[in-house]
Structure formats: structure tokens, C-alpha cells
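Fold and geometry: a report
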Amino acid sequence: MAEPRYVAFLRHGDYHQRKGVPSARQPWALTEEGIAQAQAGAALLQEMISKFDLVLSPKIHSSRQLRAWQTASILAEGLKASGFRIEEIAETSALGERSLGSAANLTVAEVETALRNDPRYDAPPKGWKSESNYCLPLEGAESLIQSGARVAAYITQTAEPGQLTVFVGHGASYRHACYHLGILNREEIASYSMFHARPSLICHQNDGTWRHLAGAWKVRPPKDEPKD
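Residues numbered from 1 in each chain as written. Predicted model: local features only at pLDDT ≥ 70, side-chain atom pairs only at ≥ 80, totals over all residues. Heavy atoms only, no water.

**Considerations on the pairing of strand β4 (residues 164–169)**
Of all the 6 residues making up β4, 6 are buried; the element is thus mostly covered by neighbouring parts of the structure. The side-chain alternation of β4 yields two buried faces, one formed by L164, V166 and V168 and the other by T165, F167 and G169. Bridge analysis of strand β1 (residues 5–11) against β4 gives 6 bridges, and the strand direction is parallel. Along β4, the bridge assignment pairs L10 with V168. (Buried < 20%, exposed > 50% of the residue type's maximum accessible area, 1.4 Å probe, protein only. Helix = DSSP H or I, 4+ residues; strand = E, 2+ residues; numbered from the N terminus. Pairing = 2+ DSSP bridges.)

Here you go:
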């Protein structure tokens, strides 16, 4: 019988986000608050390891965005200071937030203006930024649901049997990944967000399903615009 696989996934800490810009590919660093959140996240992760008697993988997986890598690095420092073995932070584009392609790091208004001025495309629908299935008709863009499939595939392929594998990435792509893993339904995707740098624990069980074990979702107020 195959050993269960445990996964802790964390959203990056608070960072210097440019206002009005979909935050997926912004290159800015953690704020002081974000650093403190990551330090607290390391302590929460240790408590989770102890509570569930888990064996920690020595490799932490992170998206390539600076805020995620910094969060992963602070987690690694905290874990190593407590005697855990961390050998590597593996960066991968597979854990990135939803790509806006050639519109990366434009403001929402700039994106909408670009599409209005392009005779090939229709204007994006109202609330397009948070619409799970909407994909900008621009080179390299993907929908939120596509980003979730990418993240879910990477987690499934990378999580190690009999160990806890840690992933640091982005809130929206994680929520959509949880839909693909059978942890959230479509309605719940929009109802929840994630706390900065707080671990959520899921387990791939012997029956082939994923189960949420620990780590609370952040309930989003109605009509609150989701962020990564």
C-alpha cells in the first residue's frame, strides 16, 4: 500500500504591491509585515509537523516571484534554527500566479484600454480579474482555472510519499488548485482567500483523494476583489 503524501502550502507574505495592478507577476519584495508573517509561519509549520508527527522533506518548493522566494527562505531559516534539515529551495514557474501574458504588470485600467483599442478583441467582461474561466486574449495569458490546474499538477507530481512537502506560492492559484484536487467546489473558490504565510495542510490518501487536514481559509466578504 502506498504511503500517504502530505503537503503544506503557503501564500507569500505581504509585499510592496503596486496599486491597481493585478499582482501576479510584480517583482517587489516583502514588507516588514510580510517578513514577520513569514517568521510566524515557520513557527506554525513546526507546530503542524509536531501535531501530525510528520517527516519534513528537505526541499522547499517556491514560485519564482521574489515575495514567494523570500517567504520560503525565511521559513527555511526558522526550520533550520529548530533543527530541521533544509537543503534546497527549488524555484519553479509551475507555482506562479495566473499569467496575464503580454499584459503583465499593467494596471487593470491599462489592460482594459489596450483591449478596447485592439480591433481584434472584445472588451473584457465586468469583474474579469476574478472570473475563474476568463482568459485575456493576449499572448501568454491564462485563466485562473488554468493556473490552478498547473499548480495542482506540480503538487501532485512533486509531493513525496511518507513526507511533508512544503510549497510557497500564491493565493488565487492555490485556491483554484484545490478545486482541481477536489478540496474546494466552484462556489467556494470565490468565497475564500488565504492568510499571508500561514500553512494549510492537505493529504493525498491511499484511496487517491486529497483531504484538507489543517489550516483555516480566510473568508472573503461578498464582492471583495481576490488577490494573489
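**Regarding the pattern of salt bridges**
Side chains bearing opposite charge may pair, as long as their charged atoms lie close to each other. Enumeration according to the criterion identifies 4 salt bridges in this entry. Note that E87 is salt-bridged to R85, the shortest N-O span being 2.1 Å. Of the residues examined, R85 reaches a relative accessible area of 53% and is grouped as exposed. We note a salt bridge from R150 to E142, for which the minimum N-O separation is 2.5 Å. (Salt bridge = Lys/Arg side-chain N within 4 Å of Asp/Glu carboxyl O.)

**A short note on the pairing of strand β7 (residues 210–214)**
With 4 bridges joining them, strand β6 (residues 200–204) and β7 adopt antiparallel strand pairing. Note on β7: the bridge partner recorded for L201 is A214. Hairpin connection from β6 to β7: 5 residues lie between these consecutive antiparallel strands, with G208 at a positive phi of about 90°.

**With respect to the environment of G78**
For G78, the location among the structural elements is in helix α2 (residues 66–81). Remark: the alpha-carbon pair of G78 and A141, spanning 63 residues in sequence, is separated by 36 Å. For G78, the residues in contact, after removing those within four places along its chain, are A42 and Q46. (Contact = heavy atoms within 4.5 Å.)

**A few points about the packing of helix α1 (residues 32–51) against α2**
For any two helices packed against each other, the geometry is given by the interaxial angle and the distance between the axes. Interhelical geometry of α1 versus α2 gives an angle of 50° and a closest axis separation of 8 Å. Taken together, α1 and α2 sit at an angle that is classed as oblique. Handedness of the crossing formed by α1 with α2: right-handed. Contact with α1, carried on its side by I35, A38, Q39, G41, A42, L45, Q46 and I49, involves T71, I74, L75, G78 and L79 of α2 and no other residues of that element. In terms of residue class, the contact of α1 with α2 is made up of 8 nonpolar, 5 polar and no charged. (Axes fitted to C-alpha atoms, helices over the stretch in contact; angles between N-to-C directions. Parallel < 35°, antiparallel > 145°, perpendicular 65-115°, else oblique. Left-handed = near helix turned anticlockwise from the far one by under 90°. Nonpolar A, V, L, I, M, F, W, Y, C, P; charged D, E, K, R; others polar.)

**Focus on the sheet that holds β1**
What the 6 strands build is an open sheet, ordered β3-β2-β4-β1-β6-β7; its pairing is mixed. Each of the sheet's edge strands pairs with one partner strand only, and the pair in question is β3 (88–91) and β7. Recorded for the sheet is a direction-independent mean angle of 25° between the axes of neighbouring strands. Packing against the sheet, α2 makes contact with β1, β2 (56–62), β3 and β4, and its axis sits at approximately 160° to β2. Helix α5 (residues 171–180) rests against β1 and β4 of the sheet, and its axis sits at about 150° to β1.

**Quick word on α5**
Most of α5 sits inside the fold, with 8 of its 10 residues counted as buried. All of the buried residues along α5 are G171, A172, S173, Y174, R175, H176, A177 and C178. Those residues of α5 hidden inside the fold are in contact with β1, α4 (144–158), β4, α6 (186–191) and β5 (192–193).

**Quick word on the packing of α4 against α5**
Two numbers describe how α4 lies on α5: the axes approach to 7 Å, and their chain directions differ by 70°. Relative to α5, the element α4 is oriented roughly perpendicular. For the pair formed by α4 and α5, the contact residues are L144, I145, S147, G148, A149, V151, A152 and I155 on the first element and A172, S173, Y174, H176, A177, Y179 and H180 on the second. Considered class by class, the residues forming the contact of α4 with α5 number 10 nonpolar, 5 polar and no charged.

**Observations concerning the environment of G41**
Inspection of the secondary structure assignment puts G41 in helix α1. Classification of G41 by relative accessible area gives buried; the value is 0%. Sequence-wise, G41 and L75 are 34 residues apart; in three dimensions their C-alpha atoms are separated by 6.9 Å. With sequence-adjacent residues up to four places away left out, G41 is seen in contact with L75, A197 and P199.

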